Amino acid sequence: MKSRVALLILVLGLVFQIGSGALGAGRHPGDVHGFDFAYLYAAGTSWLHHANPYVIETLKAYNTTPVQLPSGFVYPPQSSVFSMALALLSFDVAAQLVGVLNIAALIFLAWYVQVMAAVPFSTQSSPEYPGNWLLAALVMFSPFAASVIWMGQTSIFLTVALICGWACAEKGQNFVGGLLFAVAMIKPQFSLLPFLWLCMNGSLGFYAGFTLAFTLMGVGAWFTDSPLVTAHTWLDSIHYYRSIEFNVPGNEHVTAMQSVLVAAGLTSTPDLMLVAVVLAGGLWIFRHRFYRDAWLILLLLIGFVFIPAHDYDFVALVPVFAILWRYGKSHIYSISSLIIFAATMYVPQRLVRTLGSPALVHWRDVIVLACLIYLVYLCRQEAPQSKVTSRTALGSN
């Protein structure tokens, strides 16, 4: 029975993601399919011609896609080999390949949350209790995942790289963890704090793996310009990117508390990234007061509260489902927290926009902040860590 339910959820979830994400069912008529992927493809085309895509004029000159590019290219230099490989294909085939990668990664995440939540710390699940299929459904029917697939973004499979890199580092496979984090850091918006955390572990294997992968993955950039010029133009491109309306704090699609405060009228609110780094440092100092399994989730939540990203990047918060389930004090407690979090996060933004409040459109950021506070309380250890059974992200440590 459980296997049939799981198969049904997988099939229906795939239908939803393909329908909404790949085919655009229910999308606004003005939405452009593959809009974000076009930047990656144009950058790859630029690097194949030994031109620097971080220069906006160059990016536009080598844009062979059907999409206009009003903003700059801001993926870090280690994205060059990946983007060049995609640019060797036709735009349509390359876009479909990225879509397949994202859908495969989403299926992995649906499996991952079940593994992570398989043995709740406080209680044993009844075999008949619908925890597994509920978690899988929350992943497979994620509207954020559908948006990522529709836009040709990379957030889903880079989330998998982040999770697997963290798991490898937790298991002592630091070199492999470093390799995977070089991939995950293509999206530093949500991978920066976990990366800094693992750097503080001081593992030479992690440093070596990251450096090797970063160097090899960035050869397209290094052979186009010197690392110094590449870094300088990349930072210039980020500055230009942040000046575009879609990426300015306060925009309805830009996340983090700075965006909430700007939308509420506090337009002079500064960037709060330093707050995120300080809180992550505090968590590091007091890490043994929290369940080890919760460290990554807490870092992700801190990042989303204080480091600007876009709302489709909320797909990276999939592990929150597992941790809410795992550390719930009872079945009702677990399922209630899951439903409240998912229901409030998954409400379509277009419905909230009709209320006419710029600040209210950022309700998800407030929910993420509340979830962070709640999990800080929920995941405190009641015994020394050496006496607490703890599972790592993908298995026992």
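Residues numbered from 1 in each chain as written. Predicted model: local features only at pLDDT ≥ 70, side-chain atom pairs only at ≥ 80, totals over all residues. Heavy atoms only, no water.

K.L.:
I would appreciate a short explanation of the confidence of the model for the chain in the present structure.
P.N.:
Reading predicted coordinates in detail is not appropriate for stretches of low pLDDT. Model confidence for the chain is summarised by a mean pLDDT of 87, while 88% of its residues fall at 70 or above. Low pLDDT (under 50) marks residues 384-397, which in the prediction has 34 contacts with non-local residues, meaning those over four places away or in another chain. (pLDDT = per-residue confidence, 0-100. Contact = heavy atoms within 4.5 Å.)

K.L.:
Sorry if this is basic, but what is going on with helix α16 (residues 295-306) here?
P.N.:
Note on helix geometry: an α-helix contains 3.6 residues per turn, so any two residues three or four positions apart are oriented the same way. Between the first and last C-alpha of α16 there are 17 Å, a value that for twelve residues agrees with the 16 Å anticipated at 1.5 Å per step. Counting buried positions over the twelve residues of α16 gives twelve, a clear majority of the element. For α16, the full list of buried residues reads W295, L296, I297, L298, L299, L300, L301, I302, G303, F304, V305 and F306. (Helix = DSSP H or I, 4+ residues; strand = E, 2+ residues; numbered from the N terminus. Expected span 1.5 Å × (residues − 1). Buried < 20%, exposed > 50% of the residue type's maximum accessible area, 1.4 Å probe, protein only.)

K.L.:
Explain unusual backbone geometry here, please?
P.N.:
Peptide bonds are, in most cases, trans, and in most cases residues other than glycine have a negative phi. A positive phi is found at H50, a non-glycine position, where the angle reads about 55°. By the element assignment, H50 lies in the loop between α2 (35-48) and α3 (56-61). Phi is positive for A256, close to 95°, though the residue is something other than glycine. Mapping A256 onto the fold places it in the loop between α13 (227-241) and α14 (257-263).

K.L.:
Where do I start with the packing of aromatic side chains in this structure?
P.N.:
What characterises a pair of aromatic rings is the spacing of the ring centres plus the angle enclosed by the ring planes. This model, assessed by the stated rule, comprises 27 aromatic pairs. Geometrically, the ring pair formed by F108 and W111 is tilted, given 5.4 Å between the ring centres and 50° between the ring planes. On the criterion of helical spacing, the pair formed by F108 and W111 is a turn pair, its members being three residues apart in helix α5 (residues 91-116). Judged by its relative accessible area of 22%, F108 is partly exposed. Aromatic side chains F321 and F341 sit 5.9 Å apart centroid to centroid with 70° between the ring planes, which places their arrangement in the edge-to-face category. Here the residue F321 occupies a position in helix α17 (residues 318-326), and F341 occupies one in helix α18 (residues 331-346), the gap between them amounting to 20 residues. (Phe/Tyr/Trp six-rings, centres within 6.5 Å; stacked < 30°, edge-to-face > 60°.)

K.L.:
Explain the packing of helix α8 (residues 155-170) against helix α10 (residues 188-199) here, please?
P.N.:
The relative placement of two packed helices comes down to the angle between their axes together with the axis-to-axis distance. As a packed pair, α8 and α10 sit with axes 11 Å apart at the nearest point and diverge in direction by 15°. The angle between α8 and α10 falls in the class roughly parallel. Between α8 and α10 the crossing geometry is left-handed. Here S155, T159, L162, W166 and A169 of α8 lie close against α10, whose contacting residues are F190, S191, P194, W197 and L198. Its residues placed into classes, the contact of α8 with α10 shows seven nonpolar, three polar and no charged. (Axes fitted to C-alpha atoms, helices over the stretch in contact; angles between N-to-C directions. Parallel < 35°, antiparallel > 145°, perpendicular 65-115°, else oblique. Left-handed = near helix turned anticlockwise from the far one by under 90°. Nonpolar A, V, L, I, M, F, W, Y, C, P; charged D, E, K, R; others polar.)

K.L.:
Even after reading the chapter, I still don't get helix α15 (residues 273-285), so can you show me in this structure?
P.N.:
The end-to-end C-alpha distance of α15, which contains 13 residues, comes to 19 Å, matching closely the 18 Å that a straight helix rising 1.5 Å per residue would cover. For α15, the complete set of buried residues consists of A276, A280, L283 and W284. Buried positions in α15, seen along its axis, are confined to an arc of 105° and lie on one side of it. In α15, those exposed residues whose orientation departs by more than 90 degrees from the buried face are L274, V278 and I285. Residues of α15 that are buried sit in contact with α10 and α16. (Arc of directions from axis to C-beta.)

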